[in-house]
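Structural description and commentary
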Amino acid sequence: MRAGSTGLQVRIIDSHTAGEPTRVVIEGAPALGGGTVAAQLSVLREQYDWFRSMVVNEPRGSDVLVGALLCPPSSPDATVGVIFFNNIGYLGMCGHATIGVAQTLLHTGAIAPGEHCFETPVGLVGVRVEADGTISFENVPSYRHRSGVAVQVEGITEAVIGDVAWGGNWFFLTADHGQSLDFSQVDRLSNIAWRIRQSLHRDGIVGANGAEIDHIELYGAPESDSNHGRNFVLCPGRAYDRSPCGTGTSAKLACLAADGAWKEADVWRQEGILGTVFEGSFRRLDDSRVIPTVRGKAYVTLEATVFLDPADPFAEGIRL
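Residues numbered from 1 in each chain as written. Predicted model: local features only at pLDDT ≥ 70, side-chain atom pairs only at ≥ 80, totals over all residues. Heavy atoms only, no water.

**So, the side chain of S190**
You can see S190 is positioned in helix 4 (residues 186-202). Judged by its relative accessible area of 13%, S190 falls in the buried class. Setting aside anything within four residues of it in sequence, one finds S190 in contact with F232, L234 and Y240. (Helix = DSSP H or I, 4+ residues; strand = E, 2+ residues; numbered from the N terminus. Buried < 20%, exposed > 50% of the residue type's maximum accessible area, 1.4 Å probe, protein only. Contact = heavy atoms within 4.5 Å.)

Printed below as a string of structure tokens:
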């Protein structure tokens, strides 16, 4: 057990957004020293990574679970600071979890319907809670970094062609996968997306400033005529996103904008692998970037207290 962890009790609230779970840490987190949320994330990573593992990893959690730690914001415009993490590390932004955090804060009475602002490690994110329970977030500036990127993938004869885009996380987006985006095929889709990610790493294909591309988005035609596209997103810890992925939808909107394939402010309806839908739109900045807005709903599923038993060999989670 780490110093200071024995006997620790942590209050958590779980929710799901379009099928993808979020676990919000309400109370009991280590003190991270203040400053920007990005600086607090660095302290969490360097000094308290066991806490991340304890919250989201087995035996309490699972590879699918995304954690969100509430912390003091540094911006006077922000309602709250949020650090996002998963089974293997940390996320700059997380769209479904932003919606989940907003629903959780609404559930606890910490916020009311209206306009709010979350400070994330990659910037300020505007959040709107509507009276009918729909929640939208105005994401950080998003853009396509490279288009028509070719990568040779093991088991696939022809090179896979796709785009590299930023939507709060780095994505490789491709329709050049030859697969049915059907829920029954998630194992096969996960395997192909993982091989694409490994191939990007092998070939040194990265985002801006050498950033690792750690999200793979396979996209194609929607199943429902009322929607515009469907995706399958593989997350950094090799779990697939059950939702249409908020940052992935943002990256997709950035690519559509770069191609001139979608009009500013028009609503794009993005299906995920479960058939759940996020609505997205964007407004252009003066440069090649856009500000995406993504809308969805979340539902609170559990309130609990996490206990650390010093006799438990997995009190701090099963770490990868």
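**Notes on empty space enclosed by the protein**
The final tally for this structure, using the stated rule, is one cavity of 30 Å³ or more. Lining the largest cavity are 20 residues, and of these E20, V66, L91, H215 and C235 lie nearest its centre. Mapped onto the lining of the largest cavity, the elements with two or more residues apiece are helix 3 (95-108) and helix 5 (246-259). In terms of residue class, the lining of the largest cavity is made up of eight nonpolar, nine polar and three charged. (1 Å grid on protein atoms, 1.4 Å probe; cavity = no way out; pocket = protein on both sides within 12 Å on 5 of 7 lines; lining within 4 Å. Points joined across faces, edges and corners; volume = space filled by probe spheres on them. Nonpolar A, V, L, I, M, F, W, Y, C, P; charged D, E, K, R; others polar.)

**Describing the packing of aromatic side chains**
Scanning all chains against the criterion turns up six aromatic pairs. Ring centres 5.0 Å apart and planes at 90° place the aromatic pair W262 and W268 in the edge-to-face group. Overall, W268 belongs to the buried group, its relative accessible area being 8%. R242 extends its terminal NZ or CZ atom over the ring of Y240, reaching a point 3.7 Å from the ring centre. (Phe/Tyr/Trp six-rings, centres within 6.5 Å; stacked < 30°, edge-to-face > 60°. Lys NZ or Arg CZ within 6 Å of the ring centre and 35° of its normal.)

**Description of unusual backbone geometry**
In this model, E58 is joined to P59 through a cis peptide bond whose omega is 10°. Inspection of the secondary structure assignment puts P59 in the loop between helix 2 (49-56) and strand 3 (66-71). One non-glycine residue with positive phi stands out, namely N209, at about 60°. Assessed through its relative accessible area of 85%, N209 is described here as exposed.

**Some words on the pairing of strand 10 (residues 160-166)**
Remember that side chains alternate between the two faces of the sheet whenever the strand is regular. Strand 10 sits mainly inside the fold: six of its seven residues count as buried. Relative to strand 10, strand 9 (residues 143-151) runs antiparallel, the two being bridged by six bridges. Counterpart to R144 in the pairing with strand 10 is A165. Strand direction decides the pairing type here: strand 10 and strand 11 (residues 170-174), joined by four bridges, are antiparallel. (Pairing = 2+ DSSP bridges.)

**Quick notes on the nonpolar core**
Judged by nonpolar contacts, the single largest core of 51 residues is most densely connected at F172, I196 and F232. The leading source of residues in this core is helix 4, at seven residues. Residues W50, F51, C71 and I83 belong to the second largest nonpolar core, which totals 22 residues. (Core = buried A, V, L, I, M, F, W, Y, C linked by side-chain atoms within 4.5 Å.)

**Describing the pattern of salt bridges**
Pairs can form between side chains of opposite charge whenever their charged atoms are close. With the rule as written, the count across this model stands at 17 salt bridges. With its nearest N and O atoms 2.9 Å apart, the salt bridge here joins R230 to E271. Placement of R230 in strand 13 (residues 229-234) and of E271 in strand 14 (residues 268-271) is noted, with a sequence separation of 41 residues between them. Look at R230 and you get buried, because its relative accessible area is 3%. Relative accessible area serves as the criterion here: at 2%, E271 is assigned to the buried category. (Salt bridge = Lys/Arg side-chain N within 4 Å of Asp/Glu carboxyl O.)

Nothing here speaks to function; it is all geometry.
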